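# What the coordinates show
Residues per chain, in single letters:
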Protein chains: 2
Amino acid sequence: MDLTRAAAEALDDADPLAGFRSRFAGTDDDGPDRLLYLDGNSLGRMPLDTPAALARIAEEEWGRGLVGSWASWIDVGTRVGDVIGTGVLGARPGEVLLADSTSVDLYKLLVAAADARPGRDVLVCSADDFPTDRYVVAGVAAARGMTVREVPADVDEGLDPAVLAGALDERVAVVVLSVVAYRSGALADVAAVTATAREAGALVLWDLSHAAGAVTLDLAATGVDLAVGCTYKYLNGGPGAPAFLYVRRELQEQLRQPIWGWFGQRDQFAMGPAYDPAPGIDRFGVGTPPVLAAAAVEVGAALVAEAGIDRLAAKGRAMTDLLVALADACLTPHGTVLASPRDPARRGSHVTLAHPAAWQLTQALVDRGVVPDFRTPHRVRLGPAPLYTRFVDVWDAVDRFRALLEDGAWRDYPQERSRVT
Amino acid sequence: MDLTRAAAEALDDADPLAGFRSRFAGTDDDGPDRLLYLDGNSLGRMPLDTPAALARIAEEEWGRGLVGSWASWIDVGTRVGDVIGTGVLGARPGEVLLADSTSVDLYKLLVAAADARPGRDVLVCSADDFPTDRYVVAGVAAARGMTVREVPADVDEGLDPAVLAGALDERVAVVVLSVVAYRSGALADVAAVTATAREAGALVLWDLSHAAGAVTLDLAATGVDLAVGCTYKYLNGGPGAPAFLYVRRELQEQLRQPIWGWFGQRDQFAMGPAYDPAPGIDRFGVGTPPVLAAAAVEVGAALVAEAGIDRLAAKGRAMTDLLVALADACLTPHGTVLASPRDPARRGSHVTLAHPAAWQLTQALVDRGVVPDFRTPHRVRLGPAPLYTRFVDVWDAVDRFRALLEDGAWRDYPQERSRVT
């Protein structure tokens, strides 16, 4: 691979998605000191159309339309859900709902899935999964007297399908797994894991948070039954944006989620005496949908759909390929260790480097205009977002990282981690 | 009572809150055909400062500050929670958290409360409570093998404390009740009910949705243990705005909610292996807080706090007093029946009128620029919001209502209820 900056520029020149960059805030500075934002996998950049969308919903629909606007808001969860589902996830219409947070959606679908496997008393998760996934599994298991089987996973390489298969037996009700591991970016084999679990009689509940908008997820074709995910990373929905949940159409009527709210009720405005879940994906709703926040999600998800998930995934692989090659050449000599799968087909769109001083390096990088994420233990996570990160941004970020490692200025930064990282 | 329009104008002239009206969108039209919005108890009007607050959070904090803004966002749930708690609810700092929807918060606190009363197997609610409250209670009871005791409540007069007391015994774990009944506006005696339930060893979980911002709620002084509520009604937080939950300080460490998410975790960014709930009100959080939506809630709640809840409640009583007197004089002769308590001390800030053609009347009123709510069975609900509704608005609304009843044009409207009402 040609590792010159000119080669990176050539990749940008040939990038069919290059035009999307200018549709995000903060991308107009092309100078040498510009911010290199490699944390779109934590919080995606703001689409330039978002403030106008928020203003329109607020001023026109809420301010002027008042309560009458509920005629158009009532379906916001399924409408934006379909933008995500059909545009980004490869789901069929009516399989995705925008509602609640990822954690709450995980809880709802996990309880529903466990209820659908009576007599089975084990929940399986990865020992290396994102905290909220493991905590939600632990909480549901504790409340139901179930056992959690935490499958050991390699922090850098992800979960070994054979190890997972070994943990599946007739006691397992539900398996909770992330498609893309939050630390390493390791990409699970969704179709294979789903099929293996199904053979064992278990349901798999996938967390798509670090995958949606970054890798191709053909939920319909790969036979996925249940999934949840976040919209503030690669879907650019804004800080704390509402999450989505996916339930395969054929499974919807068999499942009942545990939080019986009025937005999951059939003919809700009849205000009937007893809870009677709505048909379809609506039954997985709970409270009044977040109309303002949903407007921002719609803008961000529509951009991903417009760019096309296959093109985004291909660019993500190419950018992380370049990042790995540059790290090998420029950073590894200074003590970083690749903490992500080397095979691009086994990665999402972020790459993690381990270094004993990762927290100090993270702080120093931010001060030099490179925004990565610190992740325990001693890891620097670099997430080029294919919608708006350029190959030259990756090149320049590694170059600044190299310079930092060479001059050692990171040693001046606190070793003690701050609360928010 | 002087029922002339001039008398209503005089009340407006003497209103110490009159200046707040101009701080809401859609209040600049003072003409005879202006919109008379009496549905602030369903969706509060938009504060004029809200679009700028949304734009600032989006463009500056998200667009420019990117992930670095989490340093200020991380506490948004408790910060806005305190604006509501100390400014509106009479809670102490650190007792209110902005998080999730009212239904999800109800679920979390109900399960936590039931867990805190082991050996008790009955949940009590009002047979006339808002659907989501009854459904959440039913769902939790079903999942735990508990029994629901639905206390009969008069649809117009509210729950009789003596009837409730008769339903309390050593089997009751939790009582779920609304402070202001969603149909009639009947106001519960919070202190008395809480004390009675406590004597019986039960916890009361109050739903403040139709009360917060409309009546004085001295949660600290009245000994309330648990509460949830909505911010899109009298708190003017916007459609589907996030809800709040309240847990008395002394009770927080004893309770554990069932959805173990990373925003309820102690030192969350340590990403530790096991769930260990944060100290204080933070443990009732679950997922990433809704930053954009919270900005709108903060503007609305701060306006309520600035106006002062005692003054708002007094104006609410005065407006509903006028409304009842006008209805007696002008509408009752045409067949409406008061479906709210007559005693202003027993009402929130809305008044409901029953009429066999309530749905047709509601549609016709909307077409004549009066926005009420239809509520089952055959009721028209009229909610003057003390922050921005004037006494002359009440007067004019009743006048248009009277004219409609006299000319009978409502008979041209569909009898069949539409989906969104």
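All of these numbers come straight from a predicted model, not from anything done at the bench.

## Some thoughts on the overall build of chain A
Of regular secondary structure, chain A possesses 13 helices and 13 strands. Compactness check: chain A gives a C-alpha radius of gyration of 22 Å against a globular reference of 22 Å for 421 residues, within 12% of the reference. A principal-axis box enclosing the C-alpha atoms of chain A has dimensions of 70 × 55 × 40 Å. In chain A, which comprises 421 residues, the proportion classed as buried is 64%. Restricting the contact set of chain A to residue pairs at least 6 apart, pairs at least 24 apart contribute 72%. For chain A, the accessible surface area stands at approximately 13700 Å², while carbon and sulfur atoms represent 53% of it. A gap of 2 Å separates the mean positions of the 40 positive and 56 negative side-chain charges of chain A.

## Brief notes about the interface of chain A and chain B
With 74 residues of chain A at the interface, the matching set in chain B holds 74 residues. Taken over both partners, the interface formed by chain A and chain B buries close to 6300 Å², and the fraction arising from carbon and sulfur atoms is 69%. In this assembly, chain A and chain B are joined by two salt bridges. Taking the shortest distance from any N to any O, the salt bridge between R417 of chain B and D267 of chain A comes out at 3.1 Å. The tally of links between chain A and chain B comes to 22 residue pairs in polar contact (both at pLDDT 80 or more).

## A closer look at the relation of the copies chain A and chain B
Between the two copies, chain A and chain B, the superposition gives an RMSD of 0.0 Å; the rotation angle is 180° and the shift along the axis is 0.0 Å. In symmetry terms, the pair is related by a two-fold rotation axis. Comparing interface residues between copies, 100% of those in chain A also sit at the interface in chain B, which points to an isologous, same-surface contact.

## What to know about the domain arrangement of chain A
All names here are of chain A. Per the domain assignment, the segments making up chain A are domain 1 (5–46 + 308–412) and domain 2 (74–307). For domain 1 and domain 2, the distance between their C-alpha centroids amounts to 29 Å. Across the boundary between the two partners, domain 1 contributes 36 residues, which contact 28 residues of domain 2. Buried surface at the junction of domain 1 and domain 2, summed over both partners, amounts to about 2600 Å²; 51% is from carbon and sulfur atoms. For the domain 1 face of the interface with domain 2, the top three residues by lost area are I309, R346 and H350, together amounting to 20%. Here domain 1 is connected to domain 2 by three salt bridges. Taking the shortest distance from any N to any O, the salt bridge between R23 and E306 comes out at 2.9 Å. For the pair domain 1 and domain 2, the interface holds 22 residue pairs in polar contact (both at pLDDT 80 or more). Looking at the side of domain 1 that touches domain 2, the element that brings in the most residues is helix 11 (residues 309–331), giving five residues. The residue makeup of the side of domain 1 that touches domain 2, split by class, is 16 nonpolar, 11 polar and nine charged.

## Observations regarding the UniProt feature "binding site: pyridoxal 5'-phosphate" (unreviewed entry) in chain A
Residues and elements named next belong to chain A. Under the present numbering, the feature "binding site: pyridoxal 5'-phosphate" (unreviewed entry) in UniProt falls on T102, S103, F130, P131, T132, D133, D207, H210, Y232, W262 and T288. These annotated residues cover 187 residues of sequence, and their C-alpha atoms reach 30.4 Å apart at the extreme, placing them across more than a single site. Topologically, F130 is positioned in the loop between strand 3 (122–126) and helix 6 (131–144). By relative accessible area, which is 12% here, F130 ends up buried.

## Topic: the pairing of strand 8 (residues 244–247) of chain B
Residue and element names in this part refer to chain B. Here strand 8 shows no split at all, with F244 and Y246 on one side and L245 and V247 on the other all buried. Bridge analysis of strand 2 (residues 96–98) against strand 8 gives three bridges, and the strand direction is antiparallel. Bridge assignment links L97 to a residue of strand 8, and that residue is L245. Where strand 7 (residues 226–229) lies against strand 8, four bridges are found, and the strand directions are antiparallel.

## What to know about the sheet that holds strand 13 (residues 379–382) of chain B
Residues and elements named next belong to chain B. What the four strands build is an open sheet, ordered 9-10-13-12; its pairing is antiparallel. Edge positions in the sheet fall to strand 9 (337–338) and strand 12 (373–375), since each has one partner strand and no second. In this structure, strand 9 lies alongside strand 10 (residues 351–354), joined through two bridges in antiparallel fashion. The partner of V337 across the bridge, within strand 10, is A354. Contacts from helix 12 (residues 358–367) reach strand 12 and strand 13 within the one sheet, and its direction differs from that of strand 13 by about 40°.

## Some points on the UniProt feature "modified residue: N6-(pyridoxal phosphate)lysine" (unreviewed entry) in chain A
All names here are of chain A. UniProt tags K233 as "modified residue: N6-(pyridoxal phosphate)lysine" (unreviewed entry). In this fold, K233 is placed in the loop between strand 7 (226–229) and strand 8 (244–247). If we ignore the near neighbours within four places in the chain, the residues touching K233 are G40, N41, S42, G44, S209 and H210.

## Remarks on the packing of helix 2 (residues 50–64) of chain A against helix 2 (residues 50–64) of chain B
Viewed as axis vectors pointing N to C, helix 2 of chain A and helix 2 of chain B meet at an angle of 170°, and their least axial separation amounts to 10 Å. Here helix 2 of chain B runs roughly antiparallel to helix 2 of chain A, going by the angle between their axes. Between helix 2 of chain A and helix 2 of chain B, the contacting residues are T50, P51, L54, A58, E59 and W62 of chain A on the first element and T50, P51, L54, A58, E59 and W62 of chain B on the second. The class makeup of the residues in the contact of helix 2 of chain A with helix 2 of chain B is eight nonpolar, two polar and two charged.

## Side note on the side chain of E95 of chain B
Residues and elements named next belong to chain B. Relative to the elements of secondary structure, E95 occurs in the loop between helix 4 (76–89) and strand 2. Look at E95 and you get buried, because its relative accessible area is 0%. If near-sequence neighbours (up to four positions away) are discounted, E95 is found in contact with D82, L245, Y246, V247, R248, R249, Q252 and I281.

## Some details on the sheet that holds strand 2 (residues 96–98) of chain A
Residues and elements named next belong to chain A. If you trace the seven strands from one edge of the open sheet to the other, you get 2-8-7-6-5-3-4, paired in mixed fashion. Strand pairing shows two members of the sheet lacking a second neighbour, strand 2 and strand 4 (147–151), which therefore form its edges. Across this sheet, the average inter-strand angle for adjacent strands is 20°, counted without regard to direction. Along the sheet, helix 5 (residues 102–115) contacts strand 3, strand 5 (172–178), strand 6 (203–207), strand 7 and strand 8; its crossing angle with strand 7, the most-contacted strand, is approximately 170°. Contacts from helix 6 reach strand 3, strand 4, strand 5 and strand 6 within the one sheet, and its direction differs from that of strand 3 by about 170°.

## A look at the nonpolar core
Counting residues in each nonpolar core, the largest one holds 161 residues, and the members touching the most others are L89, W206 and L208 of chain A together with L89, V175, W206 and L208 of chain B. Non-local contacts of L89 of chain B, meaning those with residues more than four positions away in its chain, are made with I84, V96, L208, A212, L217, D218, L219 and F244 of chain B. Within the second largest apolar cluster, 66 residues are counted, among which are V140 and A141 of chain A together with L245 and L251 of chain B.

## Re the packing of aromatic side chains
For the coordinates displayed, the defined rule picks out 21 aromatic pairs over all chains. Their ring planes at 90° and their centres at 5.2 Å tell us that W262 of chain B and F263 of chain B sit as a pair that is edge-to-face. Each member of the pair, W262 of chain B as well as F263 of chain B, carries the same accessibility label: buried. A network of ring pairs unites the aromatic residues W70, W73, W262, F263 and F269 of chain A together with F130 and Y182 of chain B as a single cluster. Sitting over the face of the ring of W260 of chain A, R256 of chain A holds its NZ or CZ atom 5.0 Å from the ring centroid.

## With respect to unusual backbone geometry
T376 of chain A connects to P377 of chain A through a cis peptide bond whose omega is -20°. Topologically, P377 of chain A is positioned in the loop between strand 12 (373–375) and strand 13 (379–382). In this model, N236 of chain B sits at a positive phi of 55°, which is unusual for a non-glycine residue. Residue placement: N236 of chain B occurs in the loop between strand 7 and strand 8.

## Regarding the pattern of salt bridges
One pass over the full model with this rule turns up 68 salt bridges over all chains. Taking the shortest distance from any N to any O, the salt bridge between D156 of chain A and R379 of chain A comes out at 2.5 Å. Of this pair, D156 of chain A sits in the loop between strand 4 and helix 7 (161–166) while R379 of chain A sits in strand 13, placing them 223 residues apart in sequence. For the pair formed by D156 of chain A and R379 of chain A, the shared burial category is buried. Across the pair D407 of chain B and R368 of chain B runs a salt bridge whose closest N-O atoms are separated by 2.9 Å. Remark: R368 of chain B occurs in the loop between helix 12 and strand 11 (370–371) and D407 of chain B occurs in helix 13 (residues 391–407); sequence separation between them is 39 residues. The class of D407 of chain B is partly exposed, set by a relative accessible area of 45%. With relative accessibility at 30%, the residue R368 of chain B sits in the partly exposed group. One salt-bridge network, held together by shared partners, links R5, E9, R21, D30, R34, R390, D393 and D396 of chain A.

About the cut-offs
Counting of residues starts from 1 at the beginning of each chain's written sequence and follows it residue by residue. Here the convention is simple: chains get letters from A, ligands get numbers from 1, in the order in which they are written. Side-chain atom pairs in this predicted model are given and counted only at pLDDT of 80 or more, local residue features only at pLDDT of at least 70, and totals for whole chains, interfaces and linings cover all residues. Excluding hydrogens and water, the side-chain values take into account all heavy atoms of the structure. Only DSSP runs of H or I reaching four residues or more are called helices, and only runs of E reaching two or more are called strands; each is numbered from the N terminus. For this measure, only C-alpha atoms enter the radius of gyration; the expected value for a globule follows 2.2 Å times N^0.38, where N is the number of residues. Residue exposure (1.4 Å probe, protein chains only): buried if accessible area is under 20% of the type maximum, exposed if over 50%, otherwise partly exposed. Throughout, a contact is declared for two residues whenever any of their heavy atoms are within 4.5 Å. In this description, accessible areas are obtained by the Shrake-Rupley approach with a 1.4 Å probe, and a residue is regarded as covered only by the protein chains that are shown. The convention is simple: Lys and Arg are positive, Asp and Glu are negative, and His and the chain ends are not counted. In this description, the location of a charge corresponds to atom NZ of lysine, CZ of arginine, CG of aspartate or CD of glutamate. Buried area counts how much accessible surface, traced with a 1.4 Å probe, disappears from two parts once they are put together, with both parts' losses summed. Definition used for salt bridges: Asp or Glu carboxyl oxygen within 4 Å of a side-chain nitrogen of Lys or Arg. Two N or O atoms form a polar contact when they lie within 3.5 Å of each other; inside protein one atom must be a possible hydrogen donor and the other a possible acceptor, and for residues adjacent in sequence the pair counts only when both atoms belong to side chains. Overlaid copies result from least-squares superposition on C-alpha atoms, with residues included only where pLDDT is at least 70 in both. The source of the domain bounds is an automatic or database domain assignment. Polar here means any residue other than Ala, Val, Leu, Ile, Met, Phe, Trp, Tyr, Cys and Pro, which are nonpolar, and Asp, Glu, Lys and Arg, which are charged; Gly is therefore polar. UniProt positions are given in the numbering used here, feature names are shortened, and annotations may be inferred rather than shown by experiment. Any two strands between which DSSP finds at least two bridges are classified as paired. Axis angles are defined between N-to-C directions and span 0 to 180 degrees, where every axis is a line fitted to C-alpha atoms and, for a helix, only to the segment in contact. Angles are sorted into four bins: roughly parallel if under 35 degrees, roughly antiparallel if over 145, roughly perpendicular if 65 to 115, and oblique for all others. Buried Ala, Val, Leu, Ile, Met, Phe, Trp, Tyr and Cys residues form a nonpolar core when they are joined through side-chain atoms within 4.5 Å. Aromatic pairs are defined between Phe, Tyr and Trp rings, using the six-membered ring for Trp, whenever the two ring centres lie within 6.5 Å; interplanar angles under 30 degrees are classed as stacked, those over 60 as edge-to-face, and all others as tilted. The rule is short: NZ of Lys or CZ of Arg within 6 Å of the ring centre and within 35 degrees of the ring normal puts a charge over the ring.

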